[in-house]
Amino acid sequence: MKKMLSVLIAAMLVSSACGTGGSRHSGGTDRSLFFGEDWKFSLGDDATACAPDFSDQNWRTLDLPHDWSIEGRIDHQNPTGQPGGFFPAGVGWYRRHFKAPSGWRDKRVSVYFEGVYMNAEVFINGHSLGVHPYGYTSFFHDLTEHLRLKSDNVLAVRVDNSRHLNSRWYSGSGIYRPVRLIVTDPVHVAPWGVFITTPDVRPEEAAVRIRTRIENETGFPQTILLETSIMDGNGKTSGRDTMTVVCPPGGGREVDRTMTIRSPRLWTPETPDLYQARISVRQGRRNLDDIVTAFGVRSLKFSPENGFQLNGKTVKLNGGCVHHDNGCLGAAAFDRAEERKAELLKAAGFNAVRTAHNPPSEAFLDACDRLGLMVIDESFDCWKTGKNPQDYASVFDEWWRRDLESMVMRDRNHPSIVMWSTGNEIIERTDPEAVKTAKMLAECIRQMDPTRPVTSAMTTWDQGWEIFDPLMAAHDVCGYNYQMHRAVTDHERIPSRIIAQTESFPRDAFSNREMVRNHEYIIGDFVWTAIDYLGESGIGRTFYSGEPKGESWENDVYPWHASYCGDIDLTGWRKPVSHYRSLIWNEAPMLHMSVREPDPDNGAIQETLWSVWPARESWTWPGREGRDLQVEVASNYPVVRLYLNDALVGERPTGREQEYKAVFTLPYAPGLLKAVGVRDGREMESAVLKTAGPPARIRLTADRSRLSADGQDLSFVTVEITDAEGNIQPNAGNRLHFEVSGPGVIAGVDNGNGKDLDPYTGPDRNAFHGRALVVVRSAREAGKIRLEAHAEGLSPASMMIRSEKH
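As the structure is a prediction and not an experimental result, all values here were calculated from the model. (Residues numbered from 1 in each chain as written. Predicted model: local features only at pLDDT ≥ 70, side-chain atom pairs only at ≥ 80, totals over all residues. Heavy atoms only, no water.)

### Quick notes on the overall build of the chain
Here is step 1: A count of helical and extended segments in the chain gives 8 helices and 47 strands.
Here is step 2: Against the globule reference of 28 Å for 806 residues, the chain gives a C-alpha radius of gyration of 27 Å, in line with a compact fold.
Here is step 3: In terms of principal-axis extent, the alpha carbons of the chain reach across some 90 × 65 × 55 Å.
Here is step 4: Expressed as a percentage of its 806 residues, the buried residues of the chain come to 61%.
Here is step 5: Long-range pairs, those at least 24 residues apart, make up 71% of the contacts in the chain with a sequence separation of at least 6. (Helix = DSSP H or I, 4+ residues; strand = E, 2+ residues; numbered from the N terminus. Rg over C-alpha atoms; globule rule 2.2 N^0.38 Å. Buried < 20%, exposed > 50% of the residue type's maximum accessible area, 1.4 Å probe, protein only. Contact = heavy atoms within 4.5 Å.)

Here's what the structure looks like:
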C-alpha cells in the first residue's frame, strides 16, 4: 500500500434497526425494538437514582433522542466556554420502566445505545453494567441475567458531562441518539456480525462476499440452516444461497460465502443504487433470526497516478467537514434531521463529507448511502496527548481499541464510506511515539476492514513539515489541514504519496479547486466547514469597529456561541460562498449574484481566518442611495452583463482567469438589479435582486407537509418576512412568535445568527436578514398540526401539517 493502494469493495447500507444487528421481517420476530419512548429524566445527580424502587414520579417524561444542553440558557459563566458555545452541561439521569414478557424466558436481551454524551453508566434493576466514556461511539449491554420476567424492570442511565473542558465544539449532553432493545434466540447473528464486500466488480457481473458471524449462547452444539437472498432495488431476487452450519456451544462461527449478481447496478454519487441481503437463521421449522441488510456494489482504487477511482473512473472529492449537531435541535439525532443534513450537503453541490471529528449517527450514514455522498468516517480528535484537560486523551489508552472497533464494525458496510480517519491534528505528532500509535490504529482498522484506506488529518503549527513524513507514511492517504501549498514539492520528494486536503479555509475555494483539478495525486478538498455548527464560537466571524479584535480564541467574543464559518448557515440557508463553491466544482451553467456588505461609516469590516467577506442576496440598502456598492456575480458562462432598472451597467468576463466571478461597482439606486449569463453573444440565464418595501407579511414554507405520527418525525419550516408584494425583506429583524396546536410541538427555533441569545427551544425568535426557522415535531397521535406565526405590525401566517399513522 506504499506505491499503490487498490481497493475493490462494496459495502452495505444498515438501517437504524439493522445496524444493531436486527430488523422486522415477515416470518421473523421483532429482534430490534425502538426504545425511545416514555423515559423519565432529571437534571442533577442523585446516587440513589439507580435503584429500581427509586421514585421518579416527579421527573420529566420525554422521548429520546434528547439533549439537555440545547434546552438551557446560553450564559457567559457556563463551563463549556467559548469552545462549547457557552451552553450548560452537568449530570443528568434517565430512567425507563418496562415489562419483560414471559416470551423472553429463553431469549437473549440486550440494550443498544447509539450515542450518549458522555460517561454513560448503565444500570438494570440496580445492577451497574459499566461506564462508557466516549460520547460518540455506540455500545451494547446484555440485560438477560438481570431481567425480571412479567415484572417491572428499570433501566437507568447516569450521564456525566460535568468535567470541562472536554470538547473543542458543542457536544450536547444526554442520550442524544436512538436506543433499541435487541431480543434474539440464543442462536443468532452477532451484533454487527455481517460484513458484505464485492471483491470483483465488472459490468457483466459482481462477486458479493458475505461474511456472517453466528453466535451460539447455549451449552450444546447447534445445527442451523443459513439462508441468504439478494434483492435489487425493485425487490427482484438476484441470487440465493443456503448452507448447513454447526455452531459450537458457547461460541461463534463465521460463515464466508460468495454470491454473484448479474449485470449489477453500481453505486455512485449520481446513481446510488442499493441492494438488500436477507439473512435467515433456521432450525427445522423455527426461524431463529432474520436480518435484512442493504448494500451497494462499487469498487474503490487509490493511486498517485490516477488519484481516487470509483468503479474505474477518477473522481475528485468536493468535500465539506461537518460536526454532529443539528443547530436548534442541538445534538439530538432525529432521523429526519440527520437525513436533512445530508440533503443540504447534496443540494449545495458537495459529493463528499468528513465527519469531524467523530463517528456520525447511523441515520446520517444511511442518508449518505441513499443520496450518494461519499464519507470520510473519523474516530478521534486526539490520541494520547489532549487538547483540553478532560478530553478523550484521558481514556485513550484504555478505550481506543473498543471505540475504534465500535466505529468500524458498525459502519464498515456503508457504501458511502470511502476512507477511515483515525485522528485530527494530533498534538504529539512530532513525537516518534505518534508514529507507533498511528500504525497501531491503522492496523486495528485493517484487521476489521482491509478494503478501505486509512487517513488522518495533519497540520503544522510552525513545527516544520518534513518532520511528519514518517507519521504520514503510516497512512494510506495523507490528510492535509490547510497545507495544500506544500503538495507539489511533497510530491517531488515522495511521489508515492496520495493527498487529500482534509480542511481548508472557505475563501480559498478556487485555488484549492485548481490544485485538485491539476494534480492526480491530490484527490480532493474538504472545506472547514460545510455547515455552521454550535460552539467554537465566532471562528468564522467578521468584526466591526468597537468589537473584540482578532481570532475567536484570542479575545472574549461572547455573545457569539456558534461558528459562522459554514457554507450553509444553521437554518439550512446557503450563503453566497456556497453557490460559488458549487459553481466552480460542478461546472454546470449556473449564475449567482450577491452584494458585498459595505464598510460602515465608523470603520472597516475586519476578517478572520475562517471568514469570507459578508455578502447578501439583497438590493435593499436604505441610506446608501448614490453611494457605491460592489455586486459580485459568480458564473460558469464566459461573460456576464449587469443591468440596473433595465440600463446596462457593464459586461465582464467570468472565465477561469477571472476565477469564474466578476465584481461591478455602481452607486446604489432602488429598483431591479439583473445579472445575465452570456454565451456566444446570446443572453442565456438571469439572476434578479429587487428592492423590497417595508415588512408587511410572514410567509411559511415547510420542507414536508406530511409527517409520521411516531413522535420522531420533523418538518423544517422556513419563515420569511416579506413586503406587500411578496419580496423578502432582507433587513427585517421582526420579533416572531410561534404557536402549535394539534398533535405536534415546537422542537426548535433558529435564525442563523450566531450571536442571538434567545433559547433555541422557545416559541420566540427574531428574524435575521428577513428569515427564521421553526422545527415542528410530530406527536404519537395522528391529526392536523397547525402552526401559526405572529409579529407585531405584520399580517400573521399559518399552515397545516398532516401527521399520519403508518
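After presenting the structure, the write-up continues.
### Quick word on the sheet that holds strand 11 (residues 152–161)
Here is step 1: With respect to topology, 6 strands assemble into an open sheet ordered 5-4-6-11-8-9, the strand pairing being antiparallel. Looking along the sheet, the strands with just one partner apiece sit at the ends: strand 5 (60–62) and strand 9 (127–132). Strand after strand, the sheet turns through a mean of 25° between neighbouring axes, direction not considered.
Here is step 2: Direction of pairing for strand 8 (residues 120–124) relative to strand 11: antiparallel, over a ladder of 5 bridges. Note on strand 11: the bridge partner recorded for Phe123 is Ala156. (Pairing = 2+ DSSP bridges. Axes fitted to C-alpha atoms, helices over the stretch in contact; angles between N-to-C directions.)

### Comments concerning the environment of Asn78
Here is step 1: Tracing the chain through its elements places Asn78 in the loop between strand 5 and strand 6 (90–99).
Here is step 2: A C-alpha to C-alpha distance of 7.8 Å links Asn78 and Ala89, two positions 11 residues apart in sequence.
Here is step 3: At 2.9 Å, the side chain of Asn78 and the backbone oxygen of Arg73 are in polar contact. (Polar contact = N/O pair within 3.5 Å; in protein donor to acceptor, adjacent residues only side chain to side chain.)

### Observations regarding the sheet that holds strand 17 (residues 251–262)
Here is step 1: Taken in spatial order, the 3 strands line up as 13-14-17 in an open sheet, and their pairing is antiparallel. The open sheet is flanked by strand 13 (187–201) and strand 17, the only strands paired with a single partner. This sheet shows a mean twist of 20° between the axes of neighbouring strands, independent of strand direction.
Here is step 2: Bridge count between strand 14 (residues 205–216) and strand 17: 12 bridges; the pairing is antiparallel. Within the sheet, the bridge partner assigned to Ile210 lies in strand 17 and is Arg257.

### Observations regarding the packing of aromatic side chains
What characterises a pair of aromatic rings is the spacing of the ring centres plus the angle enclosed by the ring planes.
Here is step 1: For the structure on display, the rule yields 34 aromatic pairs.
Here is step 2: Taken together, a centroid distance of 6.0 Å and an interplanar angle of 80° make the contact between Phe35 and Trp39 edge-to-face. Here Phe35 matches Trp39 in class, with each residue buried.
Here is step 3: Ring geometry for Phe302 versus Phe308: centroids 4.8 Å apart, planes at 25°, classification stacked.
Here is step 4: Take Phe308: its relative accessible area is 1%, and that puts it in the buried class.
Here is step 5: An aromatic cluster is present here, built from Tyr117, Tyr134, Tyr136, Trp169, Phe380, Tyr392, Phe396 and Trp400 joined pairwise through their rings.
Here is step 6: Seen from the ring of Trp461, Arg429 lies directly overhead, with NZ or CZ sitting 4.2 Å from the centre. (Phe/Tyr/Trp six-rings, centres within 6.5 Å; stacked < 30°, edge-to-face > 60°. Lys NZ or Arg CZ within 6 Å of the ring centre and 35° of its normal.)

### Here's the deal with the pairing of strand 31 (residues 591–596)
As a general feature of sheets, a regular strand has side chains that alternate between the two faces.
Here is step 1: For strand 31, the buried fraction is high: 5 of the 6 residues fall into the buried class.
Here is step 2: Both strand 31 and strand 33 (residues 628–635) contribute to a ladder of 6 bridges, which runs antiparallel. By the bridge assignment for strand 33, Leu591 is matched with Ser635.
Here is step 3: By the bridge criterion, 2 bridges tie strand 31 to strand 32 (residues 615–616) in an arrangement that is antiparallel. Bridge pairing in strand 32 links Val595 to Arg616.

### Concerning the pattern of salt bridges
Here is step 1: Evaluation of the coordinates by the stated rule reveals 63 salt bridges.
Here is step 2: Asp45 is the salt-bridge partner of Arg158, the closest N and O atoms lying 2.7 Å from each other. In this pair, Arg158 sits in strand 11 while Asp45 sits in the loop between strand 4 (39–43) and strand 5, placing the two residues 113 residues apart along the sequence.
Here is step 3: Between Arg410 and Glu114 there is a salt bridge whose closest N-O contact spans 4.0 Å. A residue pair is termed long-range when its members are at least 10 positions apart, and Arg410 in helix 3 (residues 396–411) and Glu114 in the loop between strand 7 (108–113) and strand 8 qualify at 296 residues.
Here is step 4: For Arg410, a relative accessible area of 3% corresponds to the buried category.
Here is step 5: Look at Glu114 and you get buried, because its relative accessible area is 2%. (Salt bridge = Lys/Arg side-chain N within 4 Å of Asp/Glu carboxyl O.)

### Section: the confidence of the model for the chain
Here is step 1: Summarising the model, the chain shows a mean pLDDT of 95, and 96% of its residues fall at 70 or more.
Here is step 2: Every residue in residues 1–29 scores below 50 in pLDDT, and together they form 121 contacts with partners more than four places removed in sequence or on other chains. (pLDDT = per-residue confidence, 0-100.)

### What to know about unusual backbone geometry
Here is step 1: Going from Trp528 to Thr529, the amide bond is cis rather than trans, its omega being 0°.
Here is step 2: Pro559 follows Tyr558 through a cis peptide bond whose omega is 20°.
Here is step 3: Tracing the backbone through its elements, the reader meets Pro559 in the loop between strand 30 (522–527) and helix 8 (576–586).
Here is step 4: In this structure, Lys150 takes a positive phi of about 60° despite not being glycine.
Here is step 5: Overall, Lys150 belongs to the exposed group, its relative accessible area being 59%.
Here is step 6: For Asn645, which is not glycine, the phi dihedral falls at a positive 55°.
Here is step 7: Summarising the element assignment, Asn645 is placed in the loop between strand 34 (639–644) and strand 35 (647–653).

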